[in-house]
Amino acid sequence: MTITPPALSVFETLESEVRSYCRGWPAVFDRAQGARLTDEDGHSYLDFFAGAGSLNYGHNNPVLKRALIDYIERDGITHGLDMATTAKRAFLETFQNVILRPRDLPYKVMFPGPTGTNAVESALKLARKVKGRESVVSFTNAFHGMSLGSLAVTGNAFKRAGAGIPLVHGTPMPFDNYFDGQVPDFLWFERLLEDQGSGLNKPAAVIVETVQGEGGINVARAEWLRALQDLCHRQDMLLIVDDIQMGCGRTGGFFSFEEAGIVPDIVTLSKSISGYGLPMSLCLFKGELDIWEPGEHNGTFRGNNPAFVTAAAALDAYWADGQMEKQTLARGEQIAQTLLAICGEEPAAQFRGRGLVWGLEFTDPARASAVCARAFELGLLLETSGPQSEVVKLLPPLTITPEELDEGLRTLARCVHETA
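Residues numbered from 1 in each chain as written. Predicted model: local features only at pLDDT ≥ 70, side-chain atom pairs only at ≥ 80, totals over all residues. Heavy atoms only, no water.

Engineer: Before we go on, may I ask you to explain the overall build of the protein chain in this structure?
Structural biologist: When helices and strands are tallied, the protein chain shows 14 helices and 17 strands. Relative to its length of 420 residues, the protein chain is compact, with a C-alpha radius of gyration of 21 Å against a globular reference of 22 Å. With the principal axes as the frame, the protein chain shows a C-alpha extent of 60 × 60 × 45 Å. Within the protein chain, contacts between residues separated by at least 24 positions form 73% of all contacts whose residues are at least 6 apart in sequence. (Helix = DSSP H or I, 4+ residues; strand = E, 2+ residues; numbered from the N terminus. Rg over C-alpha atoms; globule rule 2.2 N^0.38 Å. Contact = heavy atoms within 4.5 Å.)

Spelled out as structure tokens, the structure:
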């Protein structure tokens, strides 16, 4: 199948030039179900992007859709600020019973606003309030959001430049394997902390992604994460894990940090926490950190009750029996084997990933874009990531079937071959 791009008149003449994804996928999409989208001309596309990780359970998941329709049809609360509602209570109880208690996680739950960057902003604000310090350490190639506080701890130069003002109170440090294993972990970081002449202000916190999605699918080792937590404890800094894209089962366990056996002080969740692509985010933190005054962090759209409904349904349907984690790891192995074969024939490529997030990196950055462009022509949605867009990013729904996954991987292999 070869896709002929349609005329996008109103999008080109009325919508801002800031639009991005639509430029790589010039189609007008009309319907979606599971791992597939259909455009208005009837062309079908296999989705290996899953709403940038906000559709872990696929498009229009029937279980979640049924719960949402039932709630709307009975005139359930839609907008609730932070008022107590039956939908919020059901979500909180389900989250506690299905996610927090089985993992012995001591977190309070905060609803900071509808998006991931709202969760990050609240995490940064809380860490500074608790510790009475301004500086927050982040890592090379990190991405934490597009609002000013989140941008200050984001590494990408292009995105940072969009702020238009100096981004302050953030200090970058090398991510795992930044020096290709030639420098001991945290040597530079710890020396700066202990040197009274280093000029590094004592940080309130460290914020980290266990797998850097936008940064190029850079996977932190479990031992590196454990050493980071130990460093934070010794140096009286809070550890914030940004699990916005890698949480909700993307790497296998519900939280991406579970494999490392760490318990962060603060965790941010968004994207797939609602399960249905509805805006929702959480900031989780240890109980002793809950020093907020009522209304000190506020927002009109914290109470998206339809999202609470689908979130609770997703937890009940996919996380009550432990099967989702096993399925995700099995699907991940399926991807790993294909990428291993591709790289065996492509000396200019390498791959990395965990669970159902993988990256195929090319020495020539233009090659990754060419692969994604050819994939679209063949009905497969792929995106790039990395500081030079040098990585083809694989982010299919967790609910994708083995047959659909195999179909997409065959298409990927074809695209790599055809763009050589």
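Engineer: I keep staring at unusual backbone geometry and nothing clicks. Help me out?
Structural biologist: Both trends apply: most residues other than glycine have a negative phi, and most peptide bonds are in trans. Despite not being glycine, Ala 52 shows a phi value in the positive range, around 55°. By relative accessible area, Ala 52 is classed as buried at 8%. Look at Asn 141: it is not a glycine, yet its phi comes out positive at around 70°. You can see Asn 141 is positioned in the loop between β5 (136-139) and α7 (148-152). (Buried < 20%, exposed > 50% of the residue type's maximum accessible area, 1.4 Å probe, protein only.)

Engineer: How should I be thinking about the environment of Ala 368 in this particular structure?
Structural biologist: Mapping Ala 368 onto the fold places it in helix α13 (residues 365-377). Classification of Ala 368 as buried rests on a relative accessible area of 0%. With 25 residues separating them along the chain, Ala 368 and Lys 393 place their C-alpha atoms 9.1 Å apart. What Ala 368 contacts, discounting residues up to four positions off in sequence, is Phe 362, Thr 384, Ser 389, Glu 390, Val 391 and Val 392.

Engineer: Quick question: what am I supposed to make of the layout of surface pockets here?
Structural biologist: Left-over empty space is what a probe sized like a water molecule reveals as it rolls over the atoms. Roughly 1300 Å³ of internal volume is contained in the largest pocket. Lining the largest pocket are 42 residues, with Ser 20, Tyr 21, Phe 143, Lys 159 and Glu 214 positioned closest to its centre. Where the lining of the largest pocket is concerned, the elements lending two or more residues are α2 (21-24), α6 (116-131), α8 (157-161), α13 and β16 (383-385). Looking at the lining of the largest pocket, its residues break down into 15 nonpolar, 17 polar and 10 charged. (1 Å grid on protein atoms, 1.4 Å probe; cavity = no way out; pocket = protein on both sides within 12 Å on 5 of 7 lines; lining within 4 Å. Points joined across faces, edges and corners; volume = space filled by probe spheres on them. Nonpolar A, V, L, I, M, F, W, Y, C, P; charged D, E, K, R; others polar.)

Engineer: I keep staring at the sheet that holds strand β17 (residues 391-394) and nothing clicks. Help me out?
Structural biologist: In a beta sheet, neighbouring strands pair by backbone hydrogen bonds and run either parallel or antiparallel. Taken in spatial order, the 4 strands of this open sheet run β13-β14-β17-β16, and their pairing is antiparallel. Looking along the sheet, the strands with just one partner apiece sit at the ends: β13 (349-354) and β16. Neighbour to neighbour, the strand axes of the sheet diverge by 30° on average, direction disregarded. By the bridge criterion, 4 bridges tie strand β14 (residues 357-362) to β17 in an arrangement that is antiparallel. Considered in β17, the bridge of Gly 359 is made with Lys 393. Relative to β14, helix α12 (residues 323-345) is tilted by about 10°, and along the sheet it contacts β13, β14 and β17. (Pairing = 2+ DSSP bridges. Axes fitted to C-alpha atoms, helices over the stretch in contact; angles between N-to-C directions.)

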